[in-house]
Amino acid sequence: MEIIARIHNDFPTKFGLPRQASLAPSLRAKIIFEPAYRVAEALRGLEGFSHIWLIWQFSESEGWSPTVRPPRLGGNVRMGVFATRSPFRPNPIGLSCVRLEAIEDDGANGRVLIVSGADLMDGTPIYDIKPYLTGVDAHPEATDGFVGARPQTLLEVEIAPELAARLTDNQLATLREILAQDPRPAYHDNPGRIYGLSYAGHDIHFTVHEKQIKAY
């Protein structure tokens, strides 16, 4: 399999990324094709689709495990890896459905894709891109297994004014969406601990107490 493109966004590390695609719809990213695939004709017709599938590589994953601890179950219950979207898989392949915002000309990079809601870190290799088809990809009758049995509770987010002033409106909206979902490992619950994540060129620190998260 050949890498056809890489994604570029404001997350240089895994920590803080949304755990699934579309959970942070404000998160913008640019998909830049590798030189061999910067062929405008290869994108002909794609502009008519609102969403696309990304097939990509868990480039930071090491090895696989037959059972994993899903964050939605508090990180303390093990499930089979094939019942989850964990990166610890026999083949480190990820699948994400993202919104296609635009197709733009980007000088030497050729035509690039602007997408939102991607759960990929900056530089992640992409193997393939396919259109999302409402007639065959959407299943309203589908069930969510153990994931649907535990609804996610969002945190109340407070961002220090001096931090907010250093971010664009879109970056600020994205940060709020990320923090509201509690980026900590599921098994961490230490109100006195200060956590840190890298986002948009800033080192952001935050604390969590009960249902409130404060970032500065």
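Throughout this document, residue positions are counted from 1 along each chain, in the order its sequence is written. pLDDT decides what is reported in this predicted model: residues at 70 or higher carry local features, side-chain atom pairs at 80 or more are listed and counted, and totals for whole chains, interfaces and linings draw on all residues regardless. Hydrogens are left out, water is left out, and the side-chain values use all remaining heavy atoms of the structure.

Once that is clear, we can look at the overall build of the protein chain. Numbering of helices and strands runs from the N terminus, with a helix taken as a DSSP run of H or I at least four residues long and a strand as a DSSP run of E at least two residues long. Within the protein chain, the regular secondary structure consists of four helices and twelve strands. Here the C-alpha coordinates of the protein chain stretch approximately 55 × 45 × 35 Å along the principal axes. Whether two residues touch is decided by their heavy atoms; if any such pair falls within 4.5 Å, the residues are in contact. Summarising the internal contacts of the protein chain: among those between residues at least 6 apart in sequence, 70% fall at separations of at least 24. This count recognises Lys and Arg as positive and Asp and Glu as negative, with His and chain-terminal groups excluded. For this purpose, a charge sits on NZ of Lys, CZ of Arg, CG of Asp or CD of Glu. Of note, the protein chain has its 22 positive side-chain charges centred 5 Å away from the centre of its 26 negative side-chain charges.

Turning to the sheet that holds strand 11 (residues 202-209), a few remarks are in order. Two strands pair if DSSP finds at least two bridges between them. The mixed open sheet is built from four strands, whose spatial order is 9-12-11-10. For this open sheet the edge positions go to strand 9 (156-159) and strand 10 (195-199), each flanked by a neighbour on one side alone. Adjacent strand axes in the sheet meet at a mean angle of 25 degrees, parallel and antiparallel pairs treated alike. Summarising the sheet, strand 9 and strand 12 (residues 212-215) pair through four bridges and their orientation is parallel. Bridged to Glu158 within strand 12 is Lys214. The strands touched by helix 4 (residues 169-180) within the sheet are strand 9, strand 10, strand 11 and strand 12, with strand 9 carrying the most contacts at an inclination of about 135 degrees. Here an axis means a line fitted to C-alpha atoms, over the contact stretch when the element is a helix, while the angle between two N-to-C directions is reported on a 0 to 180 degree scale.

If you look at the biggest cluster of nonpolar residues, it comprises 24 residues, and the most contacted ones within it are Ile159, Leu175, Leu179 and Phe206. Within the residue set of this core, elements represented by two or more residues are strand 9, helix 4, strand 10, strand 11 and strand 12. Looking at this core element by element, the count peaks at five residues for helix 4. By convention a nonpolar core is built from buried Ala, Val, Leu, Ile, Met, Phe, Trp, Tyr and Cys residues, the set being connected through side-chain atoms within 4.5 Å. To sort residues, take the accessible area from a 1.4 Å probe on protein chains only and compare it with the maximum for the residue type: under 20% means buried, over 50% means exposed, and anything in between is partly exposed. Counting 21 residues, the second largest nonpolar core, distinct from the first, contains Ile4, Ala5, Phe33 and Ile52.

Next up on the list: unusual backbone geometry. Phi is positive for Asp182, which is not a glycine, with a value near 60 degrees. Turning to its location among the elements, Asp182 is positioned in the loop between helix 4 and strand 10. Although it is not a glycine, Ala200 adopts a positive phi angle of roughly 55 degrees. When you line up the elements, Ala200 lands in the loop between strand 10 and strand 11. Ala200 sits in the buried class, given a relative accessible area of 18%.

As summarised here, the arrangement of the six strands in space is 1-2-7-6-3-8, forming a closed barrel in which the pairing is antiparallel. Taken over all neighbouring pairs, the strand axes of this sheet differ in orientation by 45 degrees on average, direction set aside. Two strands pair when backbone bridges link them, and strand 1 (residues 5-8) and strand 8 (residues 125-131) are joined in this way by two bridges, in the antiparallel orientation. If you follow Arg6 over to strand 8, its bridge partner there is Pro125.

By themselves, these observations are geometric and do not establish any function.
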